[in-house]
Amino acid sequence: MMQDDALRASSYVDASRLLDSIETLAHFGAGEDGGVDRPALSPTDIHARRHLIERAITLGCTVRTDACANLFFRRAGLEALPPVMTGSHVDTQPTGGKLDGCYGVLAGFECLAALNDAGIQTRRPLEVAAWTNEEGTRFQPGAMGSSAFVDPGLLEHYYPAKDGDGITLAAALATHCEAFPTLETRAVEKAAHAFIELHIEQGPLLELANIPLGVVKGIQGVRWYAVRCKGVAAHAGTTPMHARHDAMTLAVRIRAEIAALAHQLGGDDTRITFGRWTVLPNSINTIASEVTFSIDFRHPDPAVLGAFDRKLLDCTARNAVTSEALFIHPPVDFAPAVIQRVADACHALGVPSLSITSGAFHDAMYLAKHCPSAMLFVPSRGGISHNPLEATDDDHLVLGARALAHCLVNLCNEAP
Ligand code: GLV
Ligand code: MN
Ligand code: MN
C-alpha cells in the first residue's frame, strides 16, 4: 500500500512541468551565454524567491523563513510528526548554469505537485527548503543557510561577512525581511525525520559509467586556506635578479611544493586547486610586494586531510610565509537507512545506479548533522558545472525527480 503510493507519486512527476520550471527560474539573473548569475539575497535572488513563494502557495503549501532567510515550503502530513525535508539552493555562481542547486529545489516542487495530482496524503509533512547562500560567492563561507539552520549560533559570526560592495550579510538579510514582511518565521522544531538532496553530479563519473542515477554515500572533506607571501616592491627594469625579493617567485615555488605534497599524500583521489590570486601592487613593471593565493584541497580520507594540514604548516613555517584556514570540513558519511531508501527508489524504478562519493560540498553536508540524510545525483553532461554550459539530459532530470518522489513518499510514511 505504502510502496504503491511511492511508485504512484513517481509516475505523477510531469516531465514538461519540471523542465518548464527549470527554464522559468533561470530567467531570474539570465545571462546572454545561457547561464545564470544570481548572487544570494541580491535583487534577482529576491525576485526568484518571490516566484517560488507564489508557486508554493498555489500548491497549497505553507511558506516560512528563518533568521538566515532560508525558505521552507511545507505540504501538510496527516500526523503531527517531524517532516521529511528535501531541497537545495537557488543562488548561483557568477558564471553559473541553470541546474546547480535549482534542480534540487524545483524537483522538490515537482514532487509536491505530483503528490497533489495523485491525491496522496502522507503521514509526515513534506518540506522543500531553499537554503540561503550555498555557493559562498557573495558572502563567505558557503552553505551559510544550511549550516546556520543546523547550528544557529553560527549566524552571529556570519552577520559581519561583507560582499564585494561592502554590504554585510546582516544588511542583506534585513533587505530580505523588507521584501517579505508577512512571511512567517519557522519556529525551532524537533529535528526533521530525514533530508534528501537531489543534485546534478557536477563531475563526470555517472556519464563515464553510462549510469543515470548516483546514490551518494557521503561527501569528501575539504580544506580552504589563504597563503600570504611577502616581498619588496622594486623597479622591474633596474633591479638585478639576484637583488630581488619577489613575492610572486616565492608564491609560485611554494604553490609547486604544496601541489607535490598534496599528490604525494592523496594519490589519485587528490583534488587541489589554487583558484584565487591577489597580487600587490599588481603592476606590470613593479616586482610584487605581496601575493596571496587560495588553496582548495579535498580528499575522502580524514587521515590524508590531517596530514595535509600538518605538512602545510611545516611548509609555510620553513618558507616564512603565513597561512590562514578559511574553511575546514571533515568527510561526511550519509545515513545508511536513507541511502537505502535512495537505492530502493532506483531499484523500484528499474534504473541502474552507482554508489558515489560527492566531490562537491552541498547543503546536505550540514543537514547530515541535523537528521539522517543522503543525496541523489543525476549525470552532468561532460562533467561540467559552475559554467553556463552546465547541462543534464532531460530524461535524466525527470528520472531523478521520479526517484526523489519515490524515496520522499516512503520516508514520509515511516513510523515514528
Ligand atoms: C561547492 O560548490 C563546492 O565548492 O563544492
Ligand atoms: Mn549546488
Ligand atoms: Mn555550486
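All figures in this text were calculated on a predicted structure; none of them were measured in a lab. (Residues numbered from 1 in each chain as written. Chains lettered and ligands numbered in written order. Predicted model: local features only at pLDDT ≥ 70, side-chain atom pairs only at ≥ 80, totals over all residues. Heavy atoms only, no water.)

**Student:** So, the overall build of the protein chain: which residues are in play, and what are the values?
**Tutor:** Of regular secondary structure, the protein chain possesses 13 helices and 15 strands. Compactness check: the protein chain gives a C-alpha radius of gyration of 23 Å against a globular reference of 22 Å for 416 residues, within 12% of the reference. Seen through its C-alpha atoms, the protein chain measures out along the principal axes to roughly 80 × 45 × 40 Å. By the burial criterion, 54% of the 416 residues in the protein chain qualify as buried. A separation threshold of at least 6 residues defines the contact pool for the protein chain, and within that pool the share at least 24 residues apart is 80%. Here the protein chain has roughly 17,500 Å² of accessible surface; of this, 55% comes from carbon and sulfur atoms. Side-chain charges in the protein chain split into 33 positive and 47 negative, and the spacing between the mean points of these groups amounts to 4 Å. (Helix = DSSP H or I, 4+ residues; strand = E, 2+ residues; numbered from the N terminus. Rg over C-alpha atoms; globule rule 2.2 N^0.38 Å. Buried < 20%, exposed > 50% of the residue type's maximum accessible area, 1.4 Å probe, protein only. Contact = heavy atoms within 4.5 Å. Areas by Shrake-Rupley, 256 points an atom, 1.4 Å probe, with all protein chains shown as cover. Lys, Arg positive; Asp, Glu negative; His and termini not counted. Charge placed at Lys NZ, Arg CZ, Asp CG, Glu CD.)

**Student:** Run through the coordination of the manganese ion (ligand 3), naming residues and quoting values.
**Tutor:** Taken together, the protein donors to the manganese ion (ligand 3) comprise Asp100 (OD), Glu135 (OE), Glu135 (OE) and His386 (NE2), at separations of 2.1 to 2.4 Å. What makes aspartate 100 buried here is its relative accessible area of 6%. (Donors = N, O, S within 2.8 Å, 3.2 Å for Na, K, Ca; no water.)

**Student:** Please give an account of the domain arrangement of the protein chain that cites residues and values.
**Tutor:** Along its sequence, the protein chain is organised into domain 1 (2-219 + 332-412) and domain 2 (221-329). Summing both sides of the interface, domain 1 and domain 2 together bury roughly 680 Å²; the carbon and sulfur share of this comes to 64%. Applying the counting rule to domain 1 against domain 2 returns zero salt bridges. The interface formed by domain 1 and domain 2 contains two residue pairs in polar contact (both at pLDDT 80 or more). When residues of the side of domain 1 that touches domain 2 are assigned to their parent elements, the largest contribution, three residues, is made by helix α12 (residues 364-370). Its residues assigned to classes, the side of domain 1 that touches domain 2 comprises six nonpolar, two polar and one charged. (Domains from an automatic or database assignment. Buried area = accessible area lost by both parts, 1.4 Å probe. Salt bridge = Lys/Arg side-chain N within 4 Å of Asp/Glu carboxyl O. Polar contact = N/O pair within 3.5 Å; in protein donor to acceptor, adjacent residues only side chain to side chain. Nonpolar A, V, L, I, M, F, W, Y, C, P; charged D, E, K, R; others polar.)

**Student:** Kindly report on the coordination of the manganese ion (ligand 2), identifying the contributing residues and their values.
**Tutor:** The protein atoms that coordinate the manganese ion (ligand 2) are His89 (NE2), Asp100 (OD) and His199 (NE2), at distances of 2.0 to 2.3 Å. Mapping the donors of the manganese ion (ligand 2) onto the primary sequence yields the spacing H-x10-D-x98-H. Here the manganese ion (ligand 3) and the manganese ion (ligand 2) are spaced 3.7 Å from one another, each receiving a donor from aspartate 100. Residue histidine 89 is found in strand β3 (residues 84-89), and its partner aspartate 100 is found in the loop between β3 and α4 (102-118); the two are separated by 11 residues along the sequence. For histidine 89, a relative accessible area of 0% corresponds to the buried category.

**Student:** An account of the UniProt feature "domain: Peptidase M20 dimerisation" (unreviewed entry) in the protein chain is requested, with residue identities and associated values reported.
**Tutor:** Here the UniProt-annotated "domain: Peptidase M20 dimerisation" (unreviewed entry) positions come out as residues 219-302. End-to-end, the C-alpha atoms of residues 219-302 are 12 Å apart, and along that stretch the chain is 25% helix and 33% strand. (UniProt positions renumbered as here; feature names shortened; annotations may be inferred.)

**Student:** Could you give an account of the packing of aromatic side chains, naming the residues involved and the relevant values?
**Tutor:** Under the criterion given, the structure shown has 12 aromatic pairs. Seen in terms of ring centroids, tryptophan 224 and phenylalanine 327 are 5.3 Å apart; in terms of plane orientation they differ by 65 degrees. Their pairing is edge-to-face. In this pair, tryptophan 224 is assigned in strand β8 (residues 221-230) and phenylalanine 327 in strand β12 (residues 322-329), connecting sequence segments 103 residues apart. The class of phenylalanine 327 is buried, set by a relative accessible area of 10%. Note on tyrosine 225 and phenylalanine 308: the rings are 6.5 Å apart at their centroids and 50 degrees apart in plane angle, and the pair reads as tilted. Highlighted residues: tyrosine 225 in strand β8 and phenylalanine 308 in helix α10 (residues 302-318), separated in sequence by 83 residues. Taking the relative accessible area as the measure of exposure, tyrosine 225 reaches 7% and is therefore buried. (Phe/Tyr/Trp six-rings, centres within 6.5 Å; stacked < 30°, edge-to-face > 60°.)

**Student:** Help me get a handle on the packing of helix α2 (residues 15-26) against α4, residues and values and all.
**Tutor:** At their nearest, the axes of α2 and α4 sit 10 Å apart, and the two run at 140 degrees to each other. With respect to each other, α2 and α4 are oriented oblique. Classified by chirality, the crossing of α4 by α2 is right-handed. Between α2, through Arg17, Leu18, Ser21, Ile22 and Leu25, and α4, the contact on the second element is made entirely by Cys102, Tyr103, Leu106, Ala107, Glu110, Ala113, Ala114 and Asp117. Of the residues contributing to the contact of α2 with α4, the split by class is nine nonpolar, one polar and three charged. (Axes fitted to C-alpha atoms, helices over the stretch in contact; angles between N-to-C directions. Parallel < 35°, antiparallel > 145°, perpendicular 65-115°, else oblique. Left-handed = near helix turned anticlockwise from the far one by under 90°.)

**Student:** So what about the site of ligand 1? Which residues, and what values?
**Tutor:** Around ligand 1, the surrounding shell consists of Glu135, Arg298, Ala360, Phe361 and His386. The separation between an oxygen atom of ligand 1 and a polar side-chain atom of arginine 298 is 2.7 Å. One nitrogen or oxygen atom from the main chain of phenylalanine 361 is found 2.7 Å from an oxygen atom belonging to ligand 1. Relative to its unbound accessible area of 200 Å², ligand 1 is 88% covered by the protein chains. Here the shell around ligand 1 is composed, by residue class, of two nonpolar, one polar and two charged. (Near = heavy atom within 4 Å.)

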